[in-house]
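Here is what each chain is made of, one letter per residue.
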Amino acid sequence: MTTTTYAHFRDVPKAAWRWPNFSPAEIACRGTGAIKINTEALDKLQALRDRLGKPLIVRSAYRSPSHNRAVGGAPASKHMLGTAFDIAMLNHDPAAFAKAAREVGFLGFGTYPRSGFMHIDLGPARHWGQPFPIRATAFAPDIAPAREVLSESRSLKGGGAAGIATVGAAGVEVVQEVLAETQSAILPLVPYLDVLHWVFIATALIGIAVTIHARIDDWKRGQR
């Protein structure tokens, strides 16, 4: 671990800054612009950012002694050592954030739900402040698109009608052939079966037409 102090964050050489998700301006004192670079603390902060996979909004990092007094900070605040960070919880679940922070090596935690941020530092291990309220899930429940609700889909109904009618027409053809070959005594019934055959075919065609129309309509509903 090394610690380097610069009078202003603009004085930090680009070659000395190795934390890609943060800038010297974010870590610098909000009151004076001075910056103290504690490499161990910043390495852990970058590791936390990598673990969470989402931005960390730094509300406060290094504080010069004068600025720490001006904002009412603790007399021995870790912010003055460059080993503490106040991170906004706006885009984080506080429980998941705290767990990840412990896993990368932060030991000190202060929770400020009214102000919406969490303090983390390198230690010693301790905790203060009120707990954050439990948040409802941020993810909307899965809702199946309209075209996937099969019980309400006219595509399914039309397709079913067409399928039944097609099977019926095929069945009539089989019956006609069997009667013609084996039951000459009831040959007079064959013409009526022929009519029934065409009724099934007509029903199948209507079902196909309904299916095509309903598929287009279901697709349009799913696009709304």
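Here goes a summary of the coordinates provided. Fair warning: this is a prediction, and the values are worked out from it, not measured in the lab.

Here's the deal with the environment of Ile120
Part 1 of the reasoning: Assignment of secondary structure puts Ile120 in strand β6 (residues 117-121).
Part 2 of the reasoning: Measuring from C-alpha to C-alpha, the distance between Ile120 and Gly110 comes to 6.6 Å, with 10 residues separating the pair along the chain.
Part 3 of the reasoning: The residues contacting Ile120, other than those within four sequence positions of it, are Leu48, Thr83, Ala84, Phe85, Ile87, Phe97, Ala101, Phe106, Gly108 and Phe109.

Notes on the sheet that holds strand β3 (residues 58-60)
Sheet strands associate in pairs through backbone hydrogen bonding, adopting either a parallel or an antiparallel arrangement.
Part 1 of the reasoning: Taken in spatial order, the five strands of this open sheet run β3-β4-β6-β5-β7, and their pairing is mixed. Looking at strand neighbours, the two that pair on one side only are β3 and β7 (126-129), the edges of this open sheet. Averaged over neighbouring strand pairs, the angle between their axes works out to 25° when direction is ignored.
Part 2 of the reasoning: Pairing between strand β4 (residues 84-88) and β6: five bridges, direction antiparallel. Counterpart to Ala88 in the pairing with β6 is Phe117.
Part 3 of the reasoning: The sheet contacts of helix α4 (residues 94-104) involve β4, β5 (108-112), β6 and β7, and relative to β6 the element is tilted by about 10°.

A few points about the nonpolar core
Part 1 of the reasoning: Membership of the largest hydrophobic core comes to 30 residues, with the highest contact counts inside it found for Trp17, Leu45, Leu48, Phe85, Ile87, Phe106 and Ile120.
Part 2 of the reasoning: Secondary structure elements with two or more residues in this core: β2 (35-38), α2 (39-52), β4, α4 and β6.
Part 3 of the reasoning: Those residues in contact with Phe85, other than ones at most four positions away along the chain, are Ile27, Ala41, Leu42, Leu45, Ser60, Ala61, His79, Phe106, Met118, His119 and Ile120.

Thresholds, definitions, all that
Throughout this document, residue positions are counted from 1 along each chain, in the order its sequence is written. Per-residue local features of the predicted model are confined to residues with pLDDT of at least 70, and side-chain atom pairs are confined, for both listing and counting, to 80 or more; whole-chain, interface and lining totals are unaffected and use all residues. Only hydrogens and water are set aside when side-chain values are computed; all heavy atoms of the structure are taken into account. Helix and strand assignments follow DSSP, with helices taken as H or I runs no shorter than four residues and strands as E runs no shorter than two, numbered in order from the N terminus. Contacts are assigned to residue pairs with any non-hydrogen atoms lying within 4.5 Å of each other. For two strands to be treated as a pair, DSSP must find no fewer than two bridges joining them. Helix axes are fitted only over the stretch in contact, all axes being lines through C-alpha atoms; the angle between N-to-C directions runs from 0 to 180 degrees. Only buried Ala, Val, Leu, Ile, Met, Phe, Trp, Tyr and Cys residues count toward a nonpolar core, and they belong to the same one when joined by side-chain atoms within 4.5 Å. To sort residues, take the accessible area from a 1.4 Å probe on protein chains only and compare it with the maximum for the residue type: under 20% means buried, over 50% means exposed, and anything in between is partly exposed.

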